[in-house]
Amino acid sequence: MNILEIIEKKRDKNKLEKEEISFFIKGYTQGKITDYQAASLVMAIYLNGMTEDETANLTLAMSESGEMLDLSNIRDIIVDKHSTGGVGDKVSLILLPIVASLGVTVAKMSGRGLGFTGGTVDKLESIPGYKTNIDIPQFIDNIEKIGISMISQTMNLAPADKKLYALRDSIACVESIPLIASSIMSKKIASGAQKIVLDVTCGKGAFMKNIEDARNLANEMITIGKMVNRETICVLTSMDEPLGHAVGNTLEVIEAIQFLKGKITEDVKEVVLELGSYMIKLAGKGENIEENKQKMLENISNGNAFNKFLELVKNQGGDISYIEDTEKFEKASYIEPVYSIKSGYIQEINALNVGKIACNLGAGRITKEDNIDASAGIVLQKKVTDFIEKGELIAYIHTNDKEKIQKSKKQLIDSIKVGEEKIEKKQSVIEVLM
Ligand code: URA
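An account of the accompanying structure is given in this report. The shown structure was predicted, so the numbers you read here are calculated from the model rather than taken from an experiment.

### Considerations on the overall build of the protein chain
Then step 1. When you go through the protein chain residue by residue, the secondary structure sums to 17 helices and 13 strands.
Then step 2. For a compact globule of 434 residues, the expected C-alpha radius of gyration is about 22 Å, and the protein chain comes in at 21 Å, within 12% of that figure.
Then step 3. If one aligns the C-alpha atoms of the protein chain with their principal axes, the spans along those axes are about 65 × 45 × 40 Å.
Then step 4. Across the 434 residues in the protein chain, those meeting the buried criterion constitute 59%.
Then step 5. Restricting to contacts in the protein chain with at least 6 residues of sequence separation, those with at least 24 account for 78%.
Then step 6. Just so you have it, the protein chain exposes about 18000 Å², and 48% of that area is on carbon and sulfur atoms.

### Focus: the sheet that holds strand E8 (residues 344-349)
Then step 1. Reading across from one edge, E10-E8-E12 is the order of the three strands in this open sheet, with antiparallel pairing throughout. Each of the sheet's edge strands pairs with one partner strand only, and the pair in question is strand E10 (387-388) and strand E12 (416-419).
Then step 2. Pairing of E8 with E12 involves four bridges; the strand directions are antiparallel. Bridged to glutamate 348 within E12 is lysine 417.
Then step 3. Across the sheet, helix H17 (residues 405-415) lies against E8 and E12, angled at about 50 degrees from E12, the strand it touches most.

### Considerations on helix H3 (residues 35-48)
Then step 1. Under the 1.5 Å per step criterion, the end-to-end length of H3 is 20 Å for 14 residues, consistent within 8% with the ideal 20 Å.
Then step 2. Taken residue by residue, H3 has Gln37, Ala38, Ala39, Leu41, Val42, Ala44 and Ile45 as its buried positions.
Then step 3. Looking at the buried positions of H3, the neighbouring elements they touch are helix H1 (3-11), helix H2 (18-29), helix H8 (159-170) and helix H9 (177-190).
Then step 4. The first or second residue beyond H3 is glycine 49, which carries a positive phi of 75 degrees.

### Description of the packing of H8 against H9
Then step 1. Two elements in contact, H8 and H9, have axes whose closest approach is 10 Å; the angle formed by their N-to-C orientations is 150 degrees. By the angle between their directions, the pair H8 and H9 is classed as roughly antiparallel. In terms of crossing hand, the pair formed by H8 and H9 is left-handed. For the pair formed by H8 and H9, the contact residues are Asp161, Tyr165 and Arg168 on the first element and Leu179, Ile180, Ser183, Ser186 and Lys187 on the second.
Then step 2. Its residues assigned to classes, the contact of H8 with H9 shows three nonpolar, two polar and three charged.

### So, the sheet that holds strand E1 (residues 79-83)
Then step 1. The four strands are arranged E1-E4-E5-E13 in an open sheet whose pairing can be described as mixed. Across the chains shown, the open sheet's two edge strands, defined by having one partner strand only, are E1 and strand E13 (429-433). The mean angle between the axes of side-by-side strands here comes to 15 degrees, regardless of whether they run parallel or antiparallel.
Then step 2. When strand E5 (residues 231-238) meets E13, the two strands line up antiparallel, connected through four bridges. Paired with leucine 236 across the strands is glutamate 431, a residue of E13.
Then step 3. Strand contacts of helix H10 (residues 211-227): strand E4 (195-202), E5 and E13, with the helix running at about 165 degrees to E5, the strand carrying the most contacts.

### Things to note about the site of the ligand
Then step 1. All residues in the neighbourhood of the ligand are listed as His82, Thr84, Tyr165, Arg168, Ile180, Ser183, Ile184, Lys187 and Phe207.
Then step 2. Interatomic distance of 3.4 Å between a side-chain N/O atom of histidine 82 and an oxygen atom of the ligand.
Then step 3. Lysine 187 has a polar side-chain atom sitting 2.4 Å from an oxygen atom of the ligand.
Then step 4. In the complex, 92% of the free accessible area of the ligand, which totals 240 Å², lies under the protein chains.
Then step 5. Mapped by element, the contributors of at least two residues to the shell around the ligand are H8 and H9.
Then step 6. By residue number, the principal contributor to the shell around the ligand is H9, which donates four residues.
Then step 7. Among the residues forming the shell around the ligand, the class breakdown is four nonpolar, three polar and two charged.

### Focus on helix H12 (residues 266-282)
Then step 1. Between its terminal C-alpha atoms H12 stretches 25 Å, which fits the 24 Å expected from 17 residues at 1.5 Å a residue.
Then step 2. Following H12 by one or two positions, glycine 284 adopts a phi angle in the positive range, close to 80 degrees.

Each value, and the rule that gives it
- Residues numbered from 1 in each chain as written.
- Predicted model: local features only at pLDDT ≥ 70, side-chain atom pairs only at ≥ 80, totals over all residues.
- Heavy atoms only, no water.
- Helix = DSSP H or I, 4+ residues; strand = E, 2+ residues; numbered from the N terminus.
- Rg over C-alpha atoms; globule rule 2.2 N^0.38 Å.
- Buried < 20%, exposed > 50% of the residue type's maximum accessible area, 1.4 Å probe, protein only.
- Contact = heavy atoms within 4.5 Å.
- Areas by Shrake-Rupley, 256 points an atom, 1.4 Å probe, with all protein chains shown as cover.
- Pairing = 2+ DSSP bridges.
- Axes fitted to C-alpha atoms, helices over the stretch in contact; angles between N-to-C directions.
- Expected span 1.5 Å × (residues − 1).
- Parallel < 35°, antiparallel > 145°, perpendicular 65-115°, else oblique.
- Left-handed = near helix turned anticlockwise from the far one by under 90°.
- Nonpolar A, V, L, I, M, F, W, Y, C, P; charged D, E, K, R; others polar.
- Near = heavy atom within 4 Å.
- Polar contact = N/O pair within 3.5 Å; in protein donor to acceptor, adjacent residues only side chain to side chain.

Written out as C-alpha coordinates, the structure is:
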(Lines give C-alpha, C1' and ligand atoms only; values in the text may rest on other atoms or scores of the structure.)
Protein backbone atom coordinates (compact mmCIF):
# COMPACT_ATOMS: atom_id res chain seq x y z
CA MET A 1 0.00 0.00 0.00
CA ASN A 2 1.25 3.51 -0.60
CA ILE A 3 -0.13 6.98 0.08
CA LEU A 4 -0.05 8.09 -3.57
CA GLU A 5 -2.51 5.36 -4.57
CA ILE A 6 -4.78 6.32 -1.67
CA ILE A 7 -4.75 10.00 -2.67
CA GLU A 8 -5.40 9.07 -6.31
CA LYS A 9 -8.33 6.86 -5.31
CA LYS A 10 -10.08 9.61 -3.32
CA ARG A 11 -9.19 12.24 -5.92
CA ASP A 12 -11.02 10.06 -8.48
CA LYS A 13 -14.10 9.77 -6.23
CA ASN A 14 -13.58 6.14 -5.21
CA LYS A 15 -14.27 4.58 -1.83
CA LEU A 16 -11.35 3.97 0.52
CA GLU A 17 -11.02 0.62 2.29
CA LYS A 18 -10.65 0.32 6.08
CA GLU A 19 -7.00 -0.75 5.69
CA GLU A 20 -6.20 2.24 3.48
CA ILE A 21 -7.71 4.67 5.99
CA SER A 22 -5.77 3.02 8.85
CA PHE A 23 -2.57 3.16 6.80
CA PHE A 24 -3.05 6.90 6.26
CA ILE A 25 -3.89 7.68 9.92
CA LYS A 26 -1.00 5.58 11.31
CA GLY A 27 1.49 6.97 8.80
CA TYR A 28 0.45 10.58 9.34
CA THR A 29 0.46 10.29 13.15
CA GLN A 30 3.94 8.75 13.07
CA GLY A 31 5.26 11.41 10.69
CA LYS A 32 5.86 8.95 7.83
CA ILE A 33 3.29 10.67 5.63
CA THR A 34 4.09 14.32 4.97
CA ASP A 35 1.84 17.33 5.60
CA TYR A 36 1.54 18.00 1.86
CA GLN A 37 0.41 14.44 1.14
CA ALA A 38 -2.07 14.54 4.02
CA ALA A 39 -3.26 17.96 2.81
CA SER A 40 -4.07 16.65 -0.65
CA LEU A 41 -5.94 13.63 0.72
CA VAL A 42 -7.88 15.87 3.14
CA MET A 43 -8.77 18.24 0.29
CA ALA A 44 -9.94 15.26 -1.82
CA ILE A 45 -12.13 14.12 1.11
CA TYR A 46 -13.42 17.67 1.50
CA LEU A 47 -14.37 17.87 -2.19
CA ASN A 48 -15.59 14.32 -2.81
CA GLY A 49 -16.99 13.36 0.60
CA MET A 50 -17.00 9.97 2.30
CA THR A 51 -19.57 7.19 2.69
CA GLU A 52 -20.90 6.33 6.15
CA ASP A 53 -18.55 3.33 6.29
CA GLU A 54 -15.53 5.39 5.34
CA THR A 55 -16.38 8.03 7.97
CA ALA A 56 -16.83 5.34 10.64
CA ASN A 57 -13.50 3.74 9.70
CA LEU A 58 -11.78 7.12 9.77
CA THR A 59 -13.26 7.80 13.23
CA LEU A 60 -12.09 4.47 14.65
CA ALA A 61 -8.61 4.80 13.17
CA MET A 62 -8.31 8.29 14.68
CA SER A 63 -9.61 7.26 18.10
CA GLU A 64 -7.10 4.37 18.17
CA SER A 65 -4.18 6.61 17.17
CA GLY A 66 -3.27 7.23 20.85
CA GLU A 67 -4.32 6.42 24.37
CA MET A 68 -7.87 5.05 24.90
CA LEU A 69 -9.20 6.04 28.28
CA ASP A 70 -11.18 3.46 30.21
CA LEU A 71 -13.59 5.11 32.64
CA SER A 72 -15.70 2.00 33.15
CA ASN A 73 -14.45 1.58 36.75
CA ILE A 74 -15.98 4.89 37.77
CA ARG A 75 -19.15 4.34 39.76
CA ASP A 76 -21.52 5.74 37.15
CA ILE A 77 -22.35 6.05 33.47
CA ILE A 78 -20.21 8.76 31.90
CA VAL A 79 -22.25 11.04 29.65
CA ASP A 80 -20.11 13.44 27.65
CA LYS A 81 -21.11 16.69 25.97
CA HIS A 82 -19.45 18.40 23.02
CA SER A 83 -20.29 21.33 20.79
CA THR A 84 -19.44 21.77 17.13
CA GLY A 85 -18.39 25.30 18.07
CA GLY A 86 -19.80 28.76 18.26
CA VAL A 87 -19.41 32.37 19.33
CA GLY A 88 -20.13 33.22 22.97
CA ASP A 89 -20.62 29.53 23.66
CA LYS A 90 -20.21 29.30 27.44
CA VAL A 91 -22.66 26.40 27.69
CA SER A 92 -20.25 23.80 29.19
CA LEU A 93 -19.31 26.16 32.04
CA ILE A 94 -22.96 26.44 33.03
CA LEU A 95 -24.46 23.13 32.03
CA LEU A 96 -21.91 20.74 33.52
CA PRO A 97 -22.00 22.05 37.13
CA ILE A 98 -25.82 22.03 36.96
CA VAL A 99 -26.06 18.39 35.85
CA ALA A 100 -23.26 17.39 38.26
CA SER A 101 -25.30 18.97 41.08
CA LEU A 102 -28.11 16.58 40.04
CA GLY A 103 -25.88 13.52 40.32
CA VAL A 104 -24.70 13.15 36.71
CA THR A 105 -21.02 12.17 36.68
CA VAL A 106 -19.08 14.65 34.53
CA ALA A 107 -15.67 13.71 33.07
CA LYS A 108 -15.06 16.48 30.57
CA MET A 109 -12.05 17.01 28.36
CA SER A 110 -12.32 20.25 26.42
CA GLY A 111 -10.41 21.98 23.66
CA ARG A 112 -8.92 25.42 23.13
CA GLY A 113 -10.36 28.02 20.81
CA LEU A 114 -9.04 28.44 17.32
CA GLY A 115 -10.11 31.19 14.93
CA PHE A 116 -13.47 32.80 15.58
CA THR A 117 -14.80 30.05 17.91
CA GLY A 118 -13.87 29.94 21.57
CA GLY A 119 -12.75 26.95 23.65
CA THR A 120 -13.73 25.96 27.17
CA VAL A 121 -10.12 25.33 28.27
CA ASP A 122 -9.13 28.95 27.58
CA LYS A 123 -12.17 30.12 29.52
CA LEU A 124 -11.38 27.90 32.53
CA GLU A 125 -7.76 29.05 32.49
CA SER A 126 -8.89 32.65 32.89
CA ILE A 127 -9.81 31.70 36.48
CA PRO A 128 -6.58 32.32 38.49
CA GLY A 129 -5.03 29.05 39.63
CA TYR A 130 -7.40 26.70 37.75
CA LYS A 131 -5.35 23.76 36.44
CA THR A 132 -6.59 22.22 33.21
CA ASN A 133 -3.59 19.99 32.55
CA ILE A 134 -3.82 17.50 35.40
CA ASP A 135 -2.91 13.86 34.73
CA ILE A 136 -5.41 11.07 34.22
CA PRO A 137 -5.16 9.46 37.72
CA GLN A 138 -5.83 12.92 39.24
CA PHE A 139 -8.70 13.47 36.78
CA ILE A 140 -10.29 10.17 37.87
CA ASP A 141 -9.66 11.00 41.53
CA ASN A 142 -11.45 14.32 41.13
CA ILE A 143 -14.42 12.65 39.47
CA GLU A 144 -14.65 10.05 42.25
CA LYS A 145 -14.38 12.76 44.92
CA ILE A 146 -16.84 15.43 43.73
CA GLY A 147 -18.51 13.95 40.62
CA ILE A 148 -17.06 16.47 38.16
CA SER A 149 -13.76 17.35 36.55
CA MET A 150 -13.12 19.58 33.55
CA ILE A 151 -9.65 19.45 32.00
CA SER A 152 -7.84 19.91 28.69
CA GLN A 153 -7.44 17.03 26.29
CA THR A 154 -4.33 15.03 27.21
CA MET A 155 -1.50 15.09 24.71
CA ASN A 156 -1.92 11.51 23.67
CA LEU A 157 -5.69 11.40 23.18
CA ALA A 158 -6.60 10.99 19.50
CA PRO A 159 -3.30 12.59 18.38
CA ALA A 160 -4.29 12.02 14.75
CA ASP A 161 -7.18 14.44 15.26
CA LYS A 162 -4.89 17.06 16.75
CA LYS A 163 -2.61 16.94 13.71
CA LEU A 164 -5.43 16.71 11.20
CA TYR A 165 -7.45 19.51 12.79
CA ALA A 166 -4.47 21.90 12.68
CA LEU A 167 -3.82 20.89 9.07
CA ARG A 168 -7.49 21.36 8.07
CA ASP A 169 -7.49 24.75 9.73
CA SER A 170 -4.49 25.86 7.67
CA ILE A 171 -5.86 24.65 4.29
CA ALA A 172 -9.52 25.80 4.56
CA CYS A 173 -10.89 22.28 5.08
CA VAL A 174 -12.66 22.55 8.44
CA GLU A 175 -16.26 22.72 7.19
CA SER A 176 -16.61 19.13 6.02
CA ILE A 177 -19.22 16.74 7.44
CA PRO A 178 -17.10 13.53 7.45
CA LEU A 179 -14.07 15.41 8.79
CA ILE A 180 -15.99 17.15 11.61
CA ALA A 181 -17.94 13.99 12.50
CA SER A 182 -14.78 11.86 12.71
CA SER A 183 -12.88 14.58 14.60
CA ILE A 184 -15.52 14.91 17.31
CA MET A 185 -16.50 11.26 17.64
CA SER A 186 -12.88 10.01 17.69
CA LYS A 187 -12.18 12.24 20.71
CA LYS A 188 -15.36 11.17 22.49
CA ILE A 189 -14.60 7.47 21.93
CA ALA A 190 -10.95 7.81 23.00
CA SER A 191 -11.89 9.77 26.13
CA GLY A 192 -14.10 6.95 27.39
CA ALA A 193 -17.56 8.53 26.96
CA GLN A 194 -20.25 5.87 27.26
CA LYS A 195 -23.09 8.14 26.12
CA ILE A 196 -22.82 11.38 24.23
CA VAL A 197 -24.92 14.56 23.91
CA LEU A 198 -23.84 16.85 21.07
CA ASP A 199 -24.68 20.49 20.50
CA VAL A 200 -24.70 20.79 16.70
CA THR A 201 -24.63 24.51 15.98
CA CYS A 202 -26.11 25.93 12.83
CA GLY A 203 -25.97 29.43 11.34
CA LYS A 204 -23.63 32.31 10.55
CA GLY A 205 -21.29 31.69 13.52
CA ALA A 206 -21.18 27.90 13.08
CA PHE A 207 -19.36 25.55 10.72
CA MET A 208 -22.72 24.31 9.42
CA LYS A 209 -24.42 27.28 7.81
CA ASN A 210 -27.80 25.67 7.06
CA ILE A 211 -30.17 23.22 8.69
CA GLU A 212 -29.74 20.44 6.08
CA ASP A 213 -25.98 20.33 6.61
CA ALA A 214 -26.41 20.44 10.40
CA ARG A 215 -28.90 17.56 10.18
CA ASN A 216 -26.55 15.52 7.98
CA LEU A 217 -23.66 16.11 10.38
CA ALA A 218 -25.85 15.12 13.35
CA ASN A 219 -27.06 11.94 11.62
CA GLU A 220 -23.53 10.98 10.68
CA MET A 221 -22.42 11.26 14.33
CA ILE A 222 -25.47 9.34 15.57
CA THR A 223 -24.66 6.54 13.10
CA ILE A 224 -21.04 6.38 14.26
CA GLY A 225 -22.27 6.31 17.87
CA LYS A 226 -24.53 3.34 17.08
CA MET A 227 -21.69 1.48 15.35
CA VAL A 228 -19.49 1.74 18.45
CA ASN A 229 -22.33 1.24 20.92
CA ARG A 230 -22.22 4.78 22.37
CA GLU A 231 -25.73 6.18 22.37
CA THR A 232 -25.58 9.66 20.86
CA ILE A 233 -28.19 12.43 20.92
CA CYS A 234 -27.78 15.63 18.89
CA VAL A 235 -29.43 18.92 19.77
CA LEU A 236 -29.42 21.30 16.80
CA THR A 237 -29.05 24.90 18.00
CA SER A 238 -29.06 28.25 16.28
CA MET A 239 -25.78 30.17 16.04
CA ASP A 240 -26.76 33.20 13.94
CA GLU A 241 -26.18 35.70 16.74
CA PRO A 242 -23.66 35.14 19.58
CA LEU A 243 -25.03 33.07 22.45
CA GLY A 244 -25.83 35.26 25.46
CA HIS A 245 -24.12 38.63 25.82
CA ALA A 246 -20.40 38.08 26.35
CA VAL A 247 -17.78 36.96 23.82
CA GLY A 248 -14.27 36.52 25.28
CA ASN A 249 -12.75 34.34 27.97
CA THR A 250 -13.02 36.13 31.35
CA LEU A 251 -16.14 37.93 30.12
CA GLU A 252 -17.85 34.60 29.39
CA VAL A 253 -16.76 33.10 32.72
CA ILE A 254 -18.39 36.09 34.45
CA GLU A 255 -21.59 35.61 32.42
CA ALA A 256 -21.59 31.90 33.31
CA ILE A 257 -21.18 32.69 37.03
CA GLN A 258 -24.02 35.22 36.85
CA PHE A 259 -26.20 32.61 35.14
CA LEU A 260 -25.45 30.06 37.87
CA LYS A 261 -26.39 32.73 40.42
CA GLY A 262 -29.77 33.20 38.72
CA LYS A 263 -29.16 36.04 36.22
CA ILE A 264 -30.40 34.07 33.24
CA THR A 265 -30.27 34.96 29.54
CA GLU A 266 -33.10 33.38 27.54
CA ASP A 267 -31.13 31.90 24.60
CA VAL A 268 -28.43 30.42 26.86
CA LYS A 269 -31.13 28.98 29.12
CA GLU A 270 -32.92 27.27 26.23
CA VAL A 271 -29.73 25.55 25.03
CA VAL A 272 -28.48 24.62 28.53
CA LEU A 273 -31.82 23.11 29.59
CA GLU A 274 -32.24 21.07 26.41
CA LEU A 275 -28.73 19.60 26.44
CA GLY A 276 -28.80 19.06 30.21
CA SER A 277 -32.16 17.33 30.28
CA TYR A 278 -30.89 14.76 27.76
CA MET A 279 -27.64 14.29 29.71
CA ILE A 280 -29.70 13.57 32.83
CA LYS A 281 -31.84 11.09 30.88
CA LEU A 282 -28.88 9.26 29.35
CA ALA A 283 -27.21 9.08 32.77
CA GLY A 284 -30.31 7.29 34.05
CA LYS A 285 -31.13 10.08 36.49
CA GLY A 286 -34.50 11.12 35.06
CA GLU A 287 -36.67 9.83 32.21
CA ASN A 288 -38.89 12.88 31.77
CA ILE A 289 -37.30 15.72 29.77
CA GLU A 290 -39.60 18.46 31.07
CA GLU A 291 -39.13 17.34 34.68
CA ASN A 292 -35.37 17.28 34.15
CA LYS A 293 -35.49 20.89 32.98
CA GLN A 294 -37.45 21.83 36.12
CA LYS A 295 -34.88 20.08 38.32
CA MET A 296 -32.11 22.04 36.61
CA LEU A 297 -33.89 25.34 37.23
CA GLU A 298 -34.49 24.37 40.87
CA ASN A 299 -30.79 23.68 41.36
CA ILE A 300 -29.98 27.13 40.05
CA SER A 301 -32.54 28.75 42.39
CA ASN A 302 -31.42 26.82 45.48
CA GLY A 303 -27.72 27.52 44.86
CA ASN A 304 -26.71 23.86 44.39
CA ALA A 305 -25.46 24.42 40.82
CA PHE A 306 -23.39 27.45 41.80
CA ASN A 307 -21.96 25.57 44.80
CA LYS A 308 -20.98 22.69 42.50
CA PHE A 309 -19.12 25.15 40.26
CA LEU A 310 -17.30 26.52 43.35
CA GLU A 311 -16.40 22.96 44.36
CA LEU A 312 -15.11 22.22 40.85
CA VAL A 313 -12.95 25.36 40.72
CA LYS A 314 -11.55 24.75 44.23
CA ASN A 315 -10.79 21.12 43.48
CA GLN A 316 -8.84 22.08 40.36
CA GLY A 317 -6.70 24.59 42.25
CA GLY A 318 -8.65 27.70 41.25
CA ASP A 319 -9.08 30.73 43.51
CA ILE A 320 -12.77 30.73 44.42
CA SER A 321 -12.67 34.29 45.72
CA TYR A 322 -12.90 35.31 42.01
CA ILE A 323 -16.04 33.22 41.59
CA GLU A 324 -17.57 34.69 44.74
CA ASP A 325 -16.70 38.23 43.67
CA THR A 326 -16.31 38.60 39.89
CA GLU A 327 -15.16 42.22 40.33
CA LYS A 328 -11.78 40.71 41.23
CA PHE A 329 -11.13 39.49 37.67
CA GLU A 330 -8.51 41.58 35.87
CA LYS A 331 -10.18 43.97 33.45
CA ALA A 332 -8.91 45.13 30.07
CA SER A 333 -7.24 48.58 30.08
CA TYR A 334 -9.83 49.94 27.65
CA ILE A 335 -13.56 49.29 28.05
CA GLU A 336 -15.10 51.30 25.26
CA PRO A 337 -18.83 51.88 24.80
CA VAL A 338 -20.31 51.46 21.32
CA TYR A 339 -23.47 53.41 20.48
CA SER A 340 -26.12 52.72 17.87
CA ILE A 341 -26.07 55.05 14.87
CA LYS A 342 -29.73 54.35 14.10
CA SER A 343 -33.08 53.82 15.86
CA GLY A 344 -35.03 50.66 15.18
CA TYR A 345 -35.27 46.95 15.87
CA ILE A 346 -32.16 44.81 15.93
CA GLN A 347 -32.58 42.42 13.01
CA GLU A 348 -29.18 40.75 12.99
CA ILE A 349 -26.02 40.48 15.10
CA ASN A 350 -23.67 38.56 12.84
CA ALA A 351 -22.04 35.93 15.07
CA LEU A 352 -19.20 35.20 12.66
CA ASN A 353 -18.20 38.86 12.46
CA VAL A 354 -18.51 39.38 16.23
CA GLY A 355 -16.34 36.27 16.76
CA LYS A 356 -13.70 37.60 14.37
CA ILE A 357 -13.69 41.08 15.97
CA ALA A 358 -13.35 39.57 19.46
CA CYS A 359 -10.54 37.33 18.20
CA ASN A 360 -8.73 40.33 16.75
CA LEU A 361 -9.15 42.24 20.04
CA GLY A 362 -7.08 39.47 21.65
CA ALA A 363 -9.77 37.00 22.79
CA GLY A 364 -8.81 34.28 20.30
CA ARG A 365 -5.94 32.79 18.37
CA ILE A 366 -5.24 33.34 14.70
CA THR A 367 -2.53 30.65 14.83
CA LYS A 368 -2.11 27.83 17.33
CA GLU A 369 0.94 29.52 18.87
CA ASP A 370 -0.82 32.83 19.67
CA ASN A 371 -1.37 33.82 23.30
CA ILE A 372 -4.87 34.64 24.46
CA ASP A 373 -5.71 37.90 26.19
CA ALA A 374 -8.17 36.62 28.81
CA SER A 375 -9.74 40.02 29.50
CA ALA A 376 -10.41 40.97 25.85
CA GLY A 377 -13.75 40.65 24.07
CA ILE A 378 -17.17 42.15 23.53
CA VAL A 379 -20.21 42.45 25.77
CA LEU A 380 -23.43 43.01 23.86
CA GLN A 381 -26.09 45.07 25.60
CA LYS A 382 -28.83 44.14 23.14
CA LYS A 383 -30.06 40.99 21.40
CA VAL A 384 -31.87 40.40 18.11
CA THR A 385 -35.51 41.72 18.20
CA ASP A 386 -34.69 44.36 20.89
CA PHE A 387 -35.50 47.99 20.10
CA ILE A 388 -32.66 50.51 20.20
CA GLU A 389 -32.58 54.30 20.00
CA LYS A 390 -29.99 56.17 17.98
CA GLY A 391 -27.14 57.00 20.40
CA GLU A 392 -28.11 54.22 22.83
CA LEU A 393 -25.48 51.83 24.14
CA ILE A 394 -25.28 48.67 22.03
CA ALA A 395 -22.08 47.01 23.32
CA TYR A 396 -18.78 47.38 25.14
CA ILE A 397 -15.44 46.56 23.59
CA HIS A 398 -12.79 45.27 26.02
CA THR A 399 -9.17 45.40 24.87
CA ASN A 400 -5.61 46.11 25.95
CA ASP A 401 -4.69 47.33 22.48
CA LYS A 402 -5.68 50.99 22.04
CA GLU A 403 -4.90 50.87 18.30
CA LYS A 404 -7.72 48.40 17.70
CA ILE A 405 -10.56 50.34 19.29
CA GLN A 406 -11.79 52.55 16.43
CA LYS A 407 -11.68 49.89 13.72
CA SER A 408 -13.37 47.32 15.98
CA LYS A 409 -16.14 49.78 16.86
CA LYS A 410 -16.85 50.37 13.18
CA GLN A 411 -16.75 46.66 12.38
CA LEU A 412 -19.12 45.93 15.25
CA ILE A 413 -21.61 48.59 14.13
CA ASP A 414 -21.41 47.13 10.60
CA SER A 415 -22.18 43.64 11.97
CA ILE A 416 -25.41 44.72 13.64
CA LYS A 417 -28.38 45.32 11.38
CA VAL A 418 -30.99 47.79 12.68
CA GLY A 419 -34.26 48.26 10.76
CA GLU A 420 -37.84 49.43 11.10
CA GLU A 421 -39.41 46.01 11.08
CA LYS A 422 -39.39 43.82 14.19
CA ILE A 423 -38.39 40.36 13.04
CA GLU A 424 -39.63 37.23 14.77
CA LYS A 425 -37.35 35.77 17.45
CA LYS A 426 -35.90 32.44 16.37
CA GLN A 427 -35.88 29.52 18.79
CA SER A 428 -32.37 28.70 19.99
CA VAL A 429 -33.12 24.97 19.99
CA ILE A 430 -34.06 23.89 16.48
CA GLU A 431 -34.62 20.14 16.93
CA VAL A 432 -33.36 17.04 18.69
CA LEU A 433 -32.15 14.01 16.73
CA MET A 434 -31.39 10.56 18.15
N1 URA B 1 -14.89 20.62 16.72
C2 URA B 1 -14.05 19.56 16.66
O3 URA B 1 -13.66 18.98 17.68
N4 URA B 1 -13.64 19.16 15.43
C5 URA B 1 -14.03 19.74 14.30
O6 URA B 1 -13.65 19.30 13.24
C7 URA B 1 -14.90 20.85 14.38
C8 URA B 1 -15.33 21.26 15.62
